[in-house]
Amino acid sequence: HPATPAPAVQHATPATADQPATPATAVQPATTTTSVQHVTAPTSSTTPNHRTTSLPRIPFPDTMRPKAPPGPPLMEQELENLQERILGIYQNFALKSNRSTANLTSEEQNALKILHKDKDIVIKKTDKSGGLAVFDYNTYIDKVNTDILSDTNAYEELTRDPTNKDSGRIKAGIRNLLDRTQPPTVIHGMLTTKPRPPQLYCNPKTHKPNNPMRPISARTGSAAEKPAWFVRQIMQQLLQFIPERSKNTADFISRVRTLDPMEPGDIIFSTDIVAMYTNIPVEEEVE
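Since we're looking at a predicted model, the values are computed, not measured.

Basis of the calculations
Residues numbered from 1 in each chain as written. Predicted model: local features only at pLDDT ≥ 70, side-chain atom pairs only at ≥ 80, totals over all residues. Heavy atoms only, no water. Helix = DSSP H or I, 4+ residues; strand = E, 2+ residues; numbered from the N terminus. Buried < 20%, exposed > 50% of the residue type's maximum accessible area, 1.4 Å probe, protein only. Areas by Shrake-Rupley, 256 points an atom, 1.4 Å probe, with all protein chains shown as cover. Core = buried A, V, L, I, M, F, W, Y, C linked by side-chain atoms within 4.5 Å. Contact = heavy atoms within 4.5 Å. Salt bridge = Lys/Arg side-chain N within 4 Å of Asp/Glu carboxyl O. Expected span 1.5 Å × (residues − 1). Lys, Arg positive; Asp, Glu negative; His and termini not counted. Patch = residues over 30% accessible without salt bridge, like charges linked within 9 Å, V, L, I, M, F, W, Y side chains within 5 Å. pLDDT = per-residue confidence, 0-100. Polar contact = N/O pair within 3.5 Å; in protein donor to acceptor, adjacent residues only side chain to side chain.

Visitor: Sorry if this is basic, but what is going on with the overall build of the protein chain here?
Guide: When helices and strands are counted, the protein chain shows 9 helices and 6 strands. Here the protein chain holds 287 residues, and the buried ones make up 16% of them. Counting every atom, the protein chain has about 22700 Å² of accessible surface; 56% of that belongs to carbon and sulfur.

Structural data, given as structure tokens:
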């Protein structure tokens, strides 16, 4: 296990008009170990939607590091003064960043409220480009039906809402899995009392021809939200053991630079999977 880290600082992204809030995640200092950490199941105070507004604690207390042998008295006094100035700067910054300050004028805020209430348009975040797209409501619905829901190999129309049935299966699975290893409070924290059906929305891919739609199934409030969040915390720690995985673009570039020299006729190419998640065989994936 790694050495005890500095106190974690909780961060959470607030919900928007069309997207759920992201889970609060603990940001901790990097360590040199690669051991897998145990994850605490979400409870009433650790659910994905939990947010904190408390002042972040000092990330480098004296108790977290070994003491060096004392130097000359004058040097020790200068170091102590420097430490106080650094801590003062950090605390001042933390206090300012913890305050909720609006970066929009009252006119801009009123304009956003008007747009939010306008049922004739749909505003979505574009996929990858970081911009916004404004649709006529009927155009948006037609495009979702044409680009996404028309694929009968991936989607089917249901005659009844399966939420209660799915919720019962998930609850039974959680109890069977954790009943002998976890206390009732942990199991209860994994369950959703009044689940709702997952909500489908789509973001346009403005970087591709004809602006195809990317489907997103928002499961905030669904029966699978809490167990999915819990499993994700564990799975993320295992990614470091997959050598073929690139963390980001910078990591990919670094790997390419260390490749063996290319021979004449060698070609570097990339591939993409169309509708990957809906084409993964579920039974084989579970196995």
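Visitor: Just checking my understanding: could you explain the nonpolar core for this structure?
Guide: Soluble, globular proteins show a tendency: their nonpolar side chains are buried together. In terms of nonpolar packing, the biggest core is built from 10 residues, these being V122, A133, F135, Y140, V144, I148, Y201, C202, M213 and A218. Among the elements that take part in this core, helix α3 (residues 137-149) stands out by supplying 3 residues, more than any other. Those residues in contact with C202 that lie beyond four places of it in its chain are K124, Y140, V144, I148, M213, R214 and P215. In this structure, I187, L191, W229 and F230 belong to the second largest nonpolar core, which totals 7 residues.

Visitor: Looking at this model, I keep getting lost on the pattern of salt bridges. Mind explaining?
Guide: In a structure, side chains of opposite charge can pair up when their charged atoms sit close to one another. In this structure the tally under the stated criterion is 5 salt bridges. A salt bridge links K208 to D272, with the nearest nitrogen and oxygen atoms 3.7 Å apart. Residue K208 is located in the loop between β5 (199-204) and β6 (213-218), and its partner D272 is located in the loop between α7 (249-257) and α8 (276-279); the two are separated by 64 residues in the primary sequence. D272 gets classed as exposed once you look at its relative accessible area, which sits at 62%. The shortest N-O distance in the salt bridge between D251 and R255 comes to 3.4 Å. Here R255 and D251 lie together in helix α7, a separation of 4 residues that amounts to about one turn. Each of the salt bridges in this network shares a partner with another, and the network as a whole consists of D127, K128 and R214.

Visitor: Would you take a moment to explain helix α4 (residues 163-178) for this structure?
Guide: Since one α-helical turn is 3.6 residues long, residues separated by three or four positions face the same way. Taking 1.5 Å of rise per residue, 16 residues should cover 22 Å, and α4 covers 22 Å from first to last C-alpha, within 8% of that figure. Where α4 is buried, its residues meet α5 (184-189) and α6 (225-238).

Visitor: What is the right way to read the side chain of K205 from this model?
Guide: The topology assignment puts K205 in the loop between β5 and β6. For the buried residue K205, which engages in no salt bridge, the nearest side chain bearing the opposite charge is D127, 5.4 Å off. What K205 contacts, discounting residues up to four positions off in sequence, is D127, N211, P212, M213 and R214.

Visitor: How should I be thinking about a nonpolar patch on the surface in this particular structure?
Guide: A grouping of L104, L112, L115, I123, L132 and V134 is seen on the molecular surface, where their side chains present a nonpolar patch of about 540 Å² in accessible area. When contributions to the nonpolar patch are tallied by element, the ones reaching two or more residues are α2 (106-117) and β4 (132-136). Within the secondary structure, V134 is located in strand β4. A relative accessible area of 58% means that V134 is categorised as exposed.

Visitor: Teacher, can you tell me more about the confidence of the model for the protein chain here?
Guide: Regions with low pLDDT should not have their predicted coordinates read in detail. Per-residue pLDDT for the protein chain has a mean of 77; in total, 74% of the residues score no lower than 70. Segment residues 1-56: pLDDT under 50, and 96 contacts once partners within four positions in sequence are set aside and those in other chains are kept.

Visitor: Would you mind showing me how to read unusual backbone geometry here?
Guide: Among all residues save glycine, negative phi is the norm, and among peptide bonds the norm is trans. Although it is not a glycine, N210 adopts a positive phi angle of roughly 65°. Locating N210 in the fold gives a position in the loop between β5 and β6. Residue classification places N210 among the exposed positions, given a relative accessible area of 70%. Positioned with a positive phi, N211 is a non-glycine residue whose angle comes to about 50°. On the secondary structure map, N211 appears in the loop between β5 and β6.

Visitor: Which parts of the structure should I look at to understand the environment of N248?
Guide: Inspection of the secondary structure puts N248 in the loop between α6 and α7. Exposure remark for N248: the relative accessible area of 45% places this residue in the partly exposed category. At 3.2 Å, the side chain of N248 and the backbone nitrogen of A250 are in polar contact.

Visitor: Even after reading the chapter, I still don't get the side chain of S167, so can you show me in this structure?
Guide: Inspection of the secondary structure assignment puts S167 in helix α4. Assessed through its relative accessible area of 5%, S167 is described here as buried. Aside from chain neighbours lying at most four places away, what touches S167 is P195 and A223.

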